Amino acid sequence: MSYRRRSNAETMSRAGRYGLVVLLLAFSASPILWMLLSTVKLNIEIFSDPPVFIPQHIPQAIQENWEHALAPRSQGGLGGLKSIGDSAIIAVLNTLLVIVLAVPAAYSVARFKTGGKHFIIWIISQRILPPISLVLPYFLLFRELRLLDTHLGLILIYTTFNLPLAVWLLQGFFAKIPKEVEEAALIGGCSRVKALLRVTLPLALPGVAVTMLFCFIFAWNEFLFAVMLTRSRVITLPAIIPGLLYTGSMEPRFGPLFTLTAVSIFPILLTAFVLQKYVIRGLTFGAIKE
Amino acid sequence: MRDRTLARLLVLPCALAILILGIFPLIYALHLSFHSWQLPSLEPQFVGLENYANILQDKRFYWAIVRSCFFVVTTVGIQFLLGFTGAFVLSRGVRGLRLIGSLLLAPVMIAPVAVGAIWLPLFDINFGLLNYCLGLIGLGKVEWLATPTNALPCLMLIDIWQWTPFMLLILLAGFQSIPREPLEAARIGGASEWRILRSISLPMLTPVIGIALLLRGIDSFGKFFDTAYLLTRGGPGTSSETLNLYIYEVGFKFFRLGYGAALSFTMLLLALVGIAVFFKVFRVE
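Residues numbered from 1 in each chain as written. Chains lettered and ligands numbered in written order. Predicted model: local features only at pLDDT ≥ 70, side-chain atom pairs only at ≥ 80, totals over all residues.

Remarks on the overall build of chain A
Secondary structure summary: chain A contains 14 helices and 0 strands in total. Scanning chain A from its N terminus toward the C terminus, one meets helices and strands in the order α-α-α-α-α-α-α-α-α-α-α-α-α-α. For chain A, whose C-alpha radius of gyration is 24 Å, the value lies well above the compact-globule estimate of 19 Å for 290 residues. For chain A, the C-alpha atoms occupy an extent of roughly 80 × 75 × 35 Å along the three principal directions. Within chain A, the proportion of its 290 residues that are buried is 43%. (Helix = DSSP H or I, 4+ residues; strand = E, 2+ residues; numbered from the N terminus. Rg over C-alpha atoms; globule rule 2.2 N^0.38 Å. Buried ≥ 20, exposed ≤ 12 C-beta atoms within 10 Å, placed from the backbone.)

Structure follows, in structure tokens:
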């Protein structure tokens, strides 16, 4: 009797558990699925009451949305192709710059405890700083230096925000590599720098990859500086969006916009899935190491 | 000895970059905050502490603080409750945890401004999915973003949607790091699940909870901008104007650069006070 009751309770709790998981995933996924559905709808189907759940003109809608999304602004499109290029240039160069600066610094912090406690305080303070407080000074400085509306301007700003994160994450990964491995190389006649490049860095490669992913995501997704400090020559993907929604009398065209959104999140999600094991660590600023 | 030189040499480029790119603009902003500079005029004028004195009498600023604090406490609170429940349930063992985790990562990885765009059509009064669903259960249409009472809660809903999975995944990692032995011992000893959660899991999770709340709190206070800029611009009126939005208005719409700089320094100060209080409460190192 008591055995049967317990197993009943267990099935119940199991059903409840999976029910909750389904609810959670539905809550989390439905806005994204609805967005994806919009990419295969015509604009009349998007602005329709009742909403269209099964689009009727899929091939035509896909063609129109893609064409409009990628066509240059001079032809009335969203300029998506150019913006993908701008975003890619900025995010890739920023990531490389950050890694080149952060790897030696992180190594030094992990191996020699350079900076000690001050270093940690600096890291935390960088995170607290509200980005809006840097927008005005950057705007004025960039006006003087003619860096407004350039790739280089955004690359430099994103370096400010990515460097602390990168150094912090990397030093965590470096600290985990046993000293002995490196010392063996030193005894074998390698110089420190050579040992770092040939032995330590290859061992820390997953860590470097995750760090690069997070730098890339930040630069790829950043909106505030992109919208304030660039205008016409450079328009990153996030900075397209407000211009599209405030077109005056015209209804905004969500189909092309969401096509572009889908394109822009796809590479990030793919990489995140591959590196899933380490992603929590990046998200929590290295505080949680699984 | 040579190692020490090398150690410093390796840090040097990074430190220089931070000094030039991070610290210098900040000092420039501080300098600016002691000046009056309305953009069409070319020369900033030194006014000492006048900007800061004006802030103390700025009602719009106080309301922005109230909204920001309300926003942070409510959204982070709800994210925590939902995330904690979800993490607890998932930690009891479900199939396909890896896949679920991947799916939950999606909202976290999407650019916040794109998230705003995703939600905009859902909120549409006539064609939006939300009003359609309300209609299905017999409720009337809601003007989601267009009324002063609803605008801020709508922005909060979006924030909760985007960051609950973040909270959940951190807490799940915390639950998974709890050693099994004490839990099983308590179970064999006949303790109820509730008692186990309260007396064993919760104390062990305290540092993780602290980190999760701190990170979310900092970001929600200092970085909440994109969706609000896209969907409401602080409106209707100033009903959804948080600190970030107000500073944006002052600096980039009215071009009162000195006052904007003073406001952003006050905001930084408030963030520091908030964090100090948090550390006092949580006693985390």
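So that's the structure; there's more coming.
Some details on the overall build of chain B
If you tally the helices and strands in chain B, you get 12 helices and 2 strands. Ordering the α and β elements of chain B from the N terminus gives α-β-β-α-α-α-α-α-α-α-α-α-α-α. Dimensions of chain B along its principal axes, counting C-alpha atoms only, are 75 × 75 × 30 Å. Long-range pairs, those at least 24 residues apart, make up 70% of the contacts in chain B with a sequence separation of at least 6. (Contact = placed C-beta atoms within 7 Å.)

With respect to the interface of chain B and chain A
The partner chain A presents 72 residues to the 77 residues of chain B that form the contact. Tallying contributions element by element places helix H1 (residues 2-32) of chain B first for the side of chain B that touches chain A, with 17 residues. For the side of chain B that touches chain A, the per-class residue count stands at 62 nonpolar, 10 polar and 5 charged. (Nonpolar A, V, L, I, M, F, W, Y, C, P; charged D, E, K, R; others polar.)

Here's the deal with the nonpolar core
The biggest cluster of nonpolar side chains holds 150 residues, and the ones touching the most others in it are Ala102, Ala106, Val167 and Leu170 of chain A. Split by domain, this core shows at least three residues from each of two domains, domain 1 (2-70) and domain 2 (80-283) of chain A. Apart from the residues within four sequence positions on either side, Ala102 of chain A is in contact with Leu163, Ala166, Val167 and Leu170 of chain A together with Cys14 of chain B. (Core = buried A, V, L, I, M, F, W, Y, C linked by C-beta atoms within 7 Å. Domains from an automatic or database assignment.)

Points about the environment of Ile160 of chain B
Residue and element names in this part refer to chain B. Among the structural elements, Ile160 can be located in helix H7 (residues 148-176). Accessibility expressed as a C-beta count within 10 Å gives 19 for Ile160, which makes it partly exposed. Apart from the residues within four sequence positions on either side, Ile160 is in contact with Thr75, Ile78 and Gln79.

Some words on helix H10 (residues 205-221) of chain A
The first and last C-alpha atoms of H10 of chain A sit 24 Å apart over 17 residues, in line with the 24 Å expected at 1.5 Å per residue. Extensive coverage of H10 of chain A is indicated by the burial of 13 of its 17 residues. (Expected span 1.5 Å × (residues − 1).)

Considering the confidence of the model for chain B
A low pLDDT score tells you not to read the predicted coordinates there in detail. Residues and elements named next belong to chain B. When pLDDT is averaged along chain B, the result is 88, and 99% of the positions lie at 70 or above. When pLDDT is averaged over each element of chain B, helix H3 (residues 59-91) comes out on top at 94 and helix H4 (residues 97-109) at the bottom at 85. Across the whole predicted complex the pTM is 0.89, and at the interface the ipTM reaches 0.89. (pLDDT = per-residue confidence, 0-100.)

What to know about the environment of Phe119 of chain A
All names here are of chain A. For Phe119, the location among the structural elements is in helix H5 (residues 116-128). On the basis of neighbour count, Phe119 is assigned to the buried category, with 20 C-beta atoms found within 10 Å. A C-alpha to C-alpha distance of 8.5 Å links Phe119 and Val109, two positions 10 residues apart in sequence.

Some details on unusual backbone geometry
Among all residues except glycine, the phi angle is most often negative; among peptide bonds, the trans geometry is most common. Residue Asp149 of chain A is not a glycine yet carries a positive backbone phi of 65 degrees. Relative to the helices and strands, Asp149 of chain A resides in the loop between helix H6 (132-145) and helix H7 (151-176). What makes Asp149 of chain A partly exposed here is the crowd of 15 C-beta atoms within 10 Å. With a phi close to 50 degrees, Arg233 of chain B is a non-glycine residue in the positive phi region. Note that Arg233 of chain B resides in the loop between helix H10 (226-231) and helix H11 (243-253).

Some words on the domain arrangement of chain A
A common measure of how large an interface is: the accessible area buried when the components associate. Residue and element names in this part refer to chain A. Annotation of chain A at the domain level lists domain 1 (2-70) and domain 2 (80-283). For domain 1 versus domain 2, the separation of C-alpha centres amounts to 32 Å. Residue-level contacts link 15 residues of domain 1 with 12 residues of domain 2. Within the residue set of the side of domain 1 that touches domain 2, elements represented by two or more residues are helix H1 (2-38), helix H2 (43-46) and helix H3 (58-70). At 6 residues, the largest contribution of residues to the side of domain 1 that touches domain 2 is made by H3. Its residues assigned to classes, the side of domain 1 that touches domain 2 comprises 9 nonpolar, 5 polar and 1 charged.

Notes on H4 of chain B
The terminal C-alpha atoms of H4 of chain B, which comprises 13 residues, lie 19 Å apart, in line with the 18 Å expected from a rise of 1.5 Å per residue. Turning to H4 of chain B, its buried residues are Ile100, Leu104, Leu105, Pro107, Val108 and Met109 of chain B.

Describing the packing of helix H12 (residues 237-245) of chain A against helix H5 (residues 112-122) of chain B
Contact geometry of H12 of chain A with H5 of chain B gives a least axis separation of 9 Å together with a crossing angle of 35 degrees. The element H12 of chain A and its partner H5 of chain B pack so that their crossing is left-handed. Seen from H12 of chain A, the contacting residues are Pro238, Ile241 and Leu245 of chain A; seen from H5 of chain B, they are Val113, Ala114, Ala117 and Leu120 of chain B. Tallied by class, residues from the contact of H12 of chain A with H5 of chain B come to 7 nonpolar, no polar and no charged. (Axes fitted to C-alpha atoms, helices over the stretch in contact; angles between N-to-C directions. Left-handed = near helix turned anticlockwise from the far one by under 90°.)

A short note on the confidence of the model for chain A
Residue and element names in this part refer to chain A. Scored by pLDDT, chain A comes out at a mean of 84, with 91% of its residues at no less than 70. The element-level mean pLDDT for chain A is lowest in helix H14 (residues 276-283), coming to 72, with helix H11 (residues 224-229) highest at 94. This model gives residues 1-5 a pLDDT under 50, and the stretch forms 0 contacts once residues within four places in sequence are excluded.

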